[in-house]
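The chain contents come next:
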Amino acid sequence: MDFGLKGKVAVVAAASKGLGKACALELAREGCAVAICAREEATLHAAAQEISAATGALVVPLVADMTSAEDITRFIATAKDTLGDPLILVTNAGGPPGGYFEQFDDAAWERAFNLTLMSTVRLIRAALPGMRTAGWGRIVNITSITVKQPIDELLLSNAIRPGVIGLAKTLATQLAKEGITINNVAPGYTLTDRQLELAQMRAERESRSVDDVIAASGANIPAGRIGQPEELAALVAFLASTRASYITGTTIGVDGGAVRSLL
């Protein structure tokens, strides 16, 4: 299937590893020039080289922190100056720390809000003018299973990530007639560094090994396993494609059937 992405510019946030890196790789395979960012320069440049070597695509790495408004503005502006207007935006910022209500003071809540919701707002704000000029654009927000089914130890994520869904649903209505779609993907348990971190927390709390926790997590999923980053990336590439022009304002789970709700 031709996704119609050859020659388009994509930007993927927090893409030195995990879900972001997998998305950047998939978009590069589809013929996009890709700008990626992360905080750790060495890991970021290694990811860019790996993606470029695997696909032959032009990949531009830019150090940026998704909690910094200035970094986000610079990331999108540099991508535009180097590659052209980014017409595909994948927002991503990892996740706020796990924990329970008593563990978080106001500063922790503010950091989580800035990381999770405001990074999405700022990325869209910076990239949207170019999409409007082109009369075409694709925005895909990487969220979490928690927007559909809260997870006990992910209080901050449970509370703040739904704001991204509300933002996307509202913008979808406002932008649809301009040829711009905005959708959310909600990964479930996926084998990333974030998943390993959460597994470590649970292992310590329950006096179990990390391997046991990961195996148990997979056993509780209808698919019988946890996901791989490339499985989410395949959906992101489709939502970014010309084929997905009539899909907007939706949230699609990539969770092996873990969420049991009807919607």
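Residues numbered from 1 in each chain as written. Predicted model: local features only at pLDDT ≥ 70, side-chain atom pairs only at ≥ 80, totals over all residues. Heavy atoms only, no water.

This brings us to the overall build of the chain. A count of helical and extended segments in the chain gives eight helices and seven strands. Rg of the C-alpha trace for the chain: 18 Å, near the compact-globule value of 18 Å for 263 residues, within the 12% margin. Its C-alpha atoms give the chain principal-axis dimensions of roughly 55 × 40 × 35 Å. Of all 263 residues assigned to the chain, the portion counted as buried reaches 50%. The long-range share in the chain, meaning contacts at least 24 apart out of those at least 6 apart in sequence, stands at 74%. Only carbon and sulfur atoms are counted for the fraction: they give 53% of the accessible area of the chain, which is about 12,000 Å². The averaged location of the 27 negative side-chain charges in the chain is 8 Å from the averaged location of its 24 positive side-chain charges. (Helix = DSSP H or I, 4+ residues; strand = E, 2+ residues; numbered from the N terminus. Rg over C-alpha atoms; globule rule 2.2 N^0.38 Å. Buried < 20%, exposed > 50% of the residue type's maximum accessible area, 1.4 Å probe, protein only. Contact = heavy atoms within 4.5 Å. Areas by Shrake-Rupley, 256 points an atom, 1.4 Å probe, with all protein chains shown as cover. Lys, Arg positive; Asp, Glu negative; His and termini not counted. Charge placed at Lys NZ, Arg CZ, Asp CG, Glu CD.)

The next subject is helix α1 (residues 18-29). Across its twelve residues, α1 extends 17 Å between first and last C-alpha, which sits within 8% of the 16 Å expected from 1.5 Å per residue. Among the residues making up α1, those that are buried are Leu19, Gly20, Ala22, Cys23, Ala24, Glu26, Leu27 and Ala28. One or two positions beyond α1, positive phi appears at Gly31, with a value near 105°. (Expected span 1.5 Å × (residues − 1).)

So, about unusual backbone geometry. For residues besides glycine, phi is generally negative; the peptide bonds are generally trans as well. Positive phi is not limited to glycine here, since Ala14 has a value of about 50°. Along the chain, Ala14 falls in the loop between β1 (9-12) and α1. Its relative accessible area of 22% is what places Ala14 among the partly exposed residues. The phi dihedral of Ser207 is positive, around 55°, even though this residue is not glycine. The residue Ser207 is located in the loop between α6 (193-206) and α7 (210-219) in this model. Assessed through its relative accessible area of 69%, Ser207 is described here as exposed.

The next subject is the sheet that holds β1. The strands making up a sheet associate through hydrogen bonds between their backbones, and the pairing can be parallel or antiparallel. Taken in spatial order, the seven strands line up as β3-β2-β1-β4-β5-β6-β7 in an open sheet, and their pairing is parallel. Bordering the open sheet on either side are β3 (59-63) and β7 (251-254), each of which pairs with just one other strand. In this sheet, adjacent strand axes meet at a mean angle of 20° when their direction is disregarded. Alignment of strand β2 (residues 33-38) against β3, held across five bridges, turns out to be parallel. Each bridged residue has a counterpart across the sheet, and for Ala38 the counterpart in β3 is Val63. The strands that helix α4 (residues 106-134) touches are β4 (88-91), β5 (137-142) and β6 (180-187); relative to β4, the one it contacts most, it runs at about 175°. Where helix α8 (residues 229-239) meets the sheet, its contacts fall on β4, β5, β6 and β7, and the angle it forms with β6 comes to roughly 170°. (Pairing = 2+ DSSP bridges. Axes fitted to C-alpha atoms, helices over the stretch in contact; angles between N-to-C directions.)

Turning next to the layout of surface pockets. Leftover empty space is mapped by rolling, across the atoms, a probe with the size of a water molecule. Space inside the largest pocket adds up to approximately 1,100 Å³. Around the largest pocket, the lining comprises 44 residues; the ones closest to its centre are Asn92, Ala93, Gly94, Gly95 and Arg194. Put simply, the parts of the chain that give the lining of the largest pocket at least two residues each are α1, α4, α5 (155-175) and α6. If one sorts the elements of the lining of the largest pocket by residue count, α6 sits on top with five residues. (1 Å grid on protein atoms, 1.4 Å probe; cavity = no way out; pocket = protein on both sides within 12 Å on 5 of 7 lines; lining within 4 Å. Points joined across faces, edges and corners; volume = space filled by probe spheres on them.)

Further remarks concern the pattern of salt bridges. Applying the stated criterion to the full structure yields nine salt bridges. The shortest N-O distance in the salt bridge between Arg132 and Glu178 comes to 3.0 Å. Of this pair, Arg132 sits in helix α4 while Glu178 sits in the loop between α5 and β6, placing them 46 residues apart in sequence. For Arg132, a relative accessible area of 42% puts it in the partly exposed group. Given the relative accessible area of 28%, Glu178 is considered partly exposed. (Salt bridge = Lys/Arg side-chain N within 4 Å of Asp/Glu carboxyl O.)

No statement about biological role is implied by the geometric values presented.
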